[in-house]
Amino acid sequence: MKAYTLAFFLDIKALFSLALPALSDPDGDPCRRTYCGRGRQCVLMAETGRAECVCQEKCRPSFVPVCGSDGRFYENHCEVYRTACLERRRIYVVHSKDCFFKDTNGSLGTPEQQYNKLKSMLLDMQPKALKAGEQNQKRDMEEKRALVDTMFKYLDANQDGRLISDELEKVSISMKEHLEDSLLECTMQDLLRYDDYNNDGHLSLHEFYTAFQVVQLSLAEDQRISVSTVTVGLSAVLTCAIQGTLRPPVIWKRNGIILNFLDLEDINDFGDDGSLYITKVTTIHMGNYSCHAYGYEDLYQTHVLQVNVPPVILVYPETQAQEPGVSASLHCHADGIPNPKLLWLKNGMDLQPRSSKQLSLIANGSELFIGSVRYEDTGAYTCIAKNEVGVDEDISSLFVEDSAKKTLANILWREEGLSVGNMFYVFSDEGITLLQPSECEIRRHLKRTERIVATYEEMCPKGEGVSPQHCVWSSAVNIRDKYIYVTQPLQSRVLVVDIQAQKVVQAVATDPFPVKMLYDKSHDQVWVLTWGDMDKTHPTLQVIPQASVGEVHHAIRTTFQRVNDFFIPPTNLIITHVRFAFVFLKNEPAVHKIDLETLHRVKTISLKNNSCIPVSMAYTHLSGFYFIQCQTKSLLAPQQLLIDSVTDAVIGPNLNVTGQAFVSPDGRYIVTPDPQSSKLIVQTVSFQGELSLNQEIDEPVAVSDLVFQPSFTESNQHVAVATSGSGTDLLFADLSSGHIEVLRSLKQPLAPQAWPWGGPNRVVVSSGLFGQYLVTPSAESLFVLNGKQRTPHCEVSDIKRGNTVVWVGEV
């Protein structure tokens, strides 16, 4: 402890002036011997004659303002504890000078303010041990505690551990003339008036600590990081382990954003003990949370929240029929957290793959392969997915019979590629081509002169002038394998293709130049962006509701003007419902959050502080990160921005990553082709919600488009497939190993000026969750690729500008 001079304590004593008057003698009232605590009063019960404690009816009128831990402002201490008694919950006084000093001009007008300034002056008299320029609020708390300890011991004349009015009255007033004029009304009575919290007529050391805001906090070393696991849909409680005398209110942060003062839907109760409550946990809530006492950010506890999800399973095909001697594959895919383990049963019995080629499990059970089927292989094959929190299962049936193509079983099983499903629909200059990929067979071609069923108009009418008649498309979406909606920008309409009938059944009029569509599966509606003209002078956003219903459809114009682009997060096996979309307005540094059900703006998230005009968005439901690509006007591309979907707050730049982000269907991989370094930046999101750099893969192509295929050798892994917008190469990148393969000589893509509708000038489209084929166009033809073997499969000629492609699959 520091040594202090006698003169120093004389200075202290000189600052204290008058003592409180002595307490009156007891008056014999039975309640005088009953201590009720703060906020309560003693009442003599008429029936029993006994003294009982009840909540105070009212407090003495005095304006000594204090802040309560419930965030409310009270006229005095009494009102705080009276309210706590009435509401039957703990409310304590928040001791912060900021609560009292409300005078904007800096003057001290009330006795309360004078008293607090007096205490500040007492503390300022200690020897200056801080570095120059360091602020008072950063004063070392231990040094402050030592000073207050010494002051208390000096004032406690009889050394009984408490300060009473008689002891305080003995303090010399010889230095009173050194007080500022505004402090002349301060007296020792103020210590008992403001800081005798239990109203017992004396100050304990802890009350003296409180008066001078001496806070002692501690956090056990083994509690600095706490890991919690909760199942999706349940509630979670995170309790802050920081303890200590006069612990200020607990502040919670997520990604550096303070949560306490946000009006959040699922994080809305911090409890009297400072715990953080999440009422219904989803995967966006996973990640790191930190807590600290208000004003003491250096001591904090980190909570790591993992959200477990029971498995969700899909098998393919549901039914198949094969003749003896051929091979058969049964596929099983499961998502869940942690990764589910897969096992197979046959007719309810454990399936033990033999070491022969007859039966084998591939990719950790994702594929059951039978090399040469026999009659006894007929049966119901059940795939079971298990993890720590649940189990799911589904059945794939196999029939082995002679002349299988003539059996009832085969009628039930729609063989891959032989039905209206499992085909690529390619929209080109010549019309619509239905392509079955495994046989590279064109199953149907809808010519440009094909008539629309509802109106009998031509599908692609001849334009004005002498230019040759051809179709112009820009965007297409699959509507639950029932319909395909495709935009015709020059016709100011959207065509509806009936997949079962393989005909164009309706034309939906839109504002001029519809160029982009996305399907909101959660609300069964199609969003359409129109430009107004080629210069994008009058862009609008329209919505076609009940898109999968077989009726006459109409486009509804929304209220959003100057729309530059929009984004709807995708769904997957785990996330089946999406609530919000996002709209970017022309040259505006903000994204607008839109309720998909009401089409109303929920809020605007400003990107002005980051000087970012958004160009594109991507999203992962794991920890709920949005990835914003910003517009660039210089040679240096701006960094991606991260937005936290829990708080809708901008976290900041995503490391040094630049460019457009692509997110794998399960949300675990974020791949960004870097426009400057010719690399694919691969980031991963862990099951604890931690976003980290995984690797940088050399990227020998200038990426135009990128899709993900499930790995055919490992479960829960992915391969990124990327096309070049300027060359003939296509890239396969294994995201787990970083291994790449390049397919060359796929012919030149469309020139960028030949594709003025935004988006990639060379798309690549995969054949669904269980498909191995991909399609990518060149300027004059179409290439089908075998993603499993990573080789070209075939080229389909005479398909010009086939840059709008949709896969229609069985699953």
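Our structure is the block above this text.
Computed from a predicted model, the values in this text were never measured in an experiment.

Structural notes on helix α2 (residues 77-87)
Moving on, step 1. The set of residues buried in α2 consists of H77, V80, Y81, R82, T83, A84 and C85.
Moving on, step 2. One or two positions beyond α2, positive phi appears at R88, with a value near 55 degrees.

Concerning the environment of V701
Moving on, step 1. Position of V701 relative to the elements: it lies in the loop between β47 (691-698) and β48 (703-710).
Moving on, step 2. A residue is classified by how much of its surface remains accessible, and V701, at 3% relative accessible area, is buried.
Moving on, step 3. V701 sits 27 residues away from T728 along the chain, and the two C-alpha atoms are 8.8 Å apart.
Moving on, step 4. Leaving out residues up to four positions away in the same chain, V701 has contacts with T723, S724, D729 and L731.

A few points about the sheet that holds strand β51 (residues 740-743)
Moving on, step 1. The sheet built from four strands is open, its strands ordered β48-β49-β50-β51 with antiparallel pairing. Looking at the sheet topology across the chains shown, the edges are occupied by β48 and β51. When strand polarity is set aside, the average angle formed by the axes of neighbouring strands in this sheet is 20 degrees.
Moving on, step 2. In this structure, β48 lies alongside strand β49 (residues 718-724), joined through seven bridges in antiparallel fashion. Bridge pairing links P710 to H718 in β49.

Re the side chain of D734
Moving on, step 1. Within the fold, D734 resides in strand β50 (residues 730-734).
Moving on, step 2. The exposure class of D734 is buried, given its relative accessible area of 11%.
Moving on, step 3. Not counting chain neighbours up to four residues away, the residues in contact with D734 comprise Q695, I697, H718, V719, H739 and R790.

Topic: the sheet that holds strand β41 (residues 625-630)
Moving on, step 1. Read across the sheet, four strands follow the order β40-β41-β42-β43 without closing on themselves; strand pairing throughout is antiparallel. For this open sheet the edge positions go to β40 (614-620) and β43 (649-658), each flanked by a neighbour on one side alone. Each strand axis lies, on average, 30 degrees off the axis of its neighbour in the sheet, ignoring direction.
Moving on, step 2. Summarising the sheet, β41 and strand β42 (residues 639-644) pair through four bridges and their orientation is antiparallel. Residue pairing across strands places I628 opposite L641, the latter belonging to β42.

Some remarks on the pairing of strand β53 (residues 773-777)
Moving on, step 1. Where burial is concerned, most of β53 is hidden: five out of the five residues are buried.
Moving on, step 2. Neither face of β53 is left uncovered, since the one carrying Y773, V775 and P777 and the one carrying L774 and T776 both have all their residues buried.
Moving on, step 3. Pairing between strand β52 (residues 765-766) and β53: two bridges, direction antiparallel. Opposite S766, over in β53, you have L774 as the bridge partner.

With respect to the state of the cysteines
Covalently bonding the sulfur atom of one cysteine to the sulfur atom of another cysteine gives a disulfide.
Moving on, step 1. According to the stated counting rule, one finds six disulfides in the structure shown.
Moving on, step 2. Residue C332 pairs covalently with C383 via a disulfide, S to S 2.0 Å. Where C332 bonds to C383 through sulfur, the torsion about that S-S bond is close to -80 degrees, and the disulfide is left-handed. Of this pair, C332 sits in strand β18 (residues 328-337) while C383 sits in strand β23 (residues 379-387), and the two are 51 residues apart along the sequence. Each member of the pair, C332 together with C383, is buried.
Moving on, step 3. A sulfur-sulfur distance of 1.9 Å marks the disulfide that ties C460 to C471. Across the S-S bond of C460 and C471 the torsion is about 105 degrees, and the bridge reads as right-handed. Taken as a pair, C460 in the loop between β27 (441-447) and β28 (476-479) and C471 in the loop between β27 and β28 lie far apart in primary sequence, eleven residues in all. Considered together, C460 and C471 belong to a single accessibility category, that of buried residues.

With respect to the pattern of salt bridges
Moving on, step 1. This structure, assessed with the given rule, holds 24 salt bridges.
Moving on, step 2. Across the pair R801 and D429 runs a salt bridge, and its minimum N-O distance is 3.1 Å. Separated by 372 residues along the polypeptide, R801 in the loop between β55 (791-797) and β56 (804-808) and D429 in the loop between β25 (423-428) and β26 (431-436) bring together distant segments of the chain.
Moving on, step 3. When its relative accessible area of 9% is taken as the criterion, D429 is described as buried.
Moving on, step 4. For the salt bridge of E795 with K747, the shortest nitrogen-to-oxygen distance reads 2.8 Å.

What counts and what doesn't
Position labels on residues start from 1 in each chain and follow its written sequence. Local features in a predicted model are, by the rule used here, given only for residues with pLDDT of at least 70; side-chain atom pairs are given and counted only at 80 or more, and totals for whole chains, interfaces and linings are based on all residues. Think of the side-chain values as coming from all heavy atoms in the structure, minus any hydrogens and water. For every residue, the accessible area obtained with a 1.4 Å probe (protein chains only) is divided by the maximum for its type, and the residue is called buried under 20%, exposed over 50%, and partly exposed between those limits. Helix and strand labels come from DSSP, where a helix needs a run of H or I of at least four residues and a strand needs a run of E of at least two; each type is numbered from the N terminus. Contact criterion: two residues are considered in contact whenever any of their non-hydrogen atoms come within 4.5 Å of each other. Two strands form a pair only when DSSP identifies at least two bridges running between them. A fitted line through C-alpha atoms serves as each axis, taken over the contacting stretch for helices, and the angle formed by two N-to-C directions is quoted from 0 to 180°. Here, a disulfide means two cysteine sulfur atoms that sit within 2.5 Å of each other. Salt bridges are defined by distance alone: a side-chain nitrogen of Lys or Arg within 4 Å of a carboxyl oxygen of Asp or Glu.

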